[in-house]
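Reading the structure
Chain residues, written in single-letter form:
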Amino acid sequence: MTTVRAASVLPRLDRLSPRQQMAMDCARCSRRLGMDGRVWGEVRHRGRPFLLWVCAPQCAPHRAAPFAPGAP
């Protein structure tokens, strides 16, 4: 598996929706992952590693609105 490790490319974990954090949705475009997910890279939050998953190398970044905690 090839992963991107540059911290400047990967989003902060607290800016992703819970579904993106749990690898249910793509970390870049917010589409449902299904069986086509690939590891994008690893981020650390409070000292713990988390893997971010994407649906494909060509998916459009930030297609959906950003996650806002407490939003209806």
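In case you missed it, the structure is sitting above this.
Described below are features of the structure shown in this document. Computed from a predicted structure; not experimentally measured.

Enumeration over the complete set of coordinates arrives at zero aromatic pairs. A cation over an aromatic ring shows up here: Arg28 above the ring of Trp40, its NZ or CZ 5.1 Å from the ring centre.

This part is about the nonpolar core. Cys26, Trp40, Leu52 and Cys55 are the most contacted members of the largest nonpolar core, which totals 13 residues. For this core, the secondary structure elements donating two or more residues are β1 (38–45) and β2 (48–54). In contact with Cys55, not counting residues within four places along its chain, are Cys26, Cys29, Arg31, Leu33 and Asp36.

Two strands pair when backbone bridges link them, and β1 and β2 are joined in this way by seven bridges, in the antiparallel orientation. Bridge pairing links Arg38 to Val54 in β2. Hairpin connection between β1 and β2: a loop of two residues separates the two successive antiparallel strands, and Arg46 in this loop has a positive phi of roughly 55°.

With that out of the way, let us pick up the state of the cysteines. Taken as a whole, this structure holds zero disulfides when the rule is applied. Cysteine Cys55 remains unbridged, with the sulfur of Cys29 as its closest cysteine sulfur at 3.6 Å. According to the relative accessible area criterion, Cys55 is buried, its value standing at 14%.

Procedures and definitions
- Residues numbered from 1 in each chain as written.
- Predicted model: local features only at pLDDT ≥ 70, side-chain atom pairs only at ≥ 80, totals over all residues.
- Heavy atoms only, no water.
- Phe/Tyr/Trp six-rings, centres within 6.5 Å; stacked < 30°, edge-to-face > 60°.
- Lys NZ or Arg CZ within 6 Å of the ring centre and 35° of its normal.
- Core = buried A, V, L, I, M, F, W, Y, C linked by side-chain atoms within 4.5 Å.
- Buried < 20%, exposed > 50% of the residue type's maximum accessible area, 1.4 Å probe, protein only.
- Helix = DSSP H or I, 4+ residues; strand = E, 2+ residues; numbered from the N terminus.
- Contact = heavy atoms within 4.5 Å.
- Pairing = 2+ DSSP bridges.
- Disulfide = S-S within 2.5 Å.

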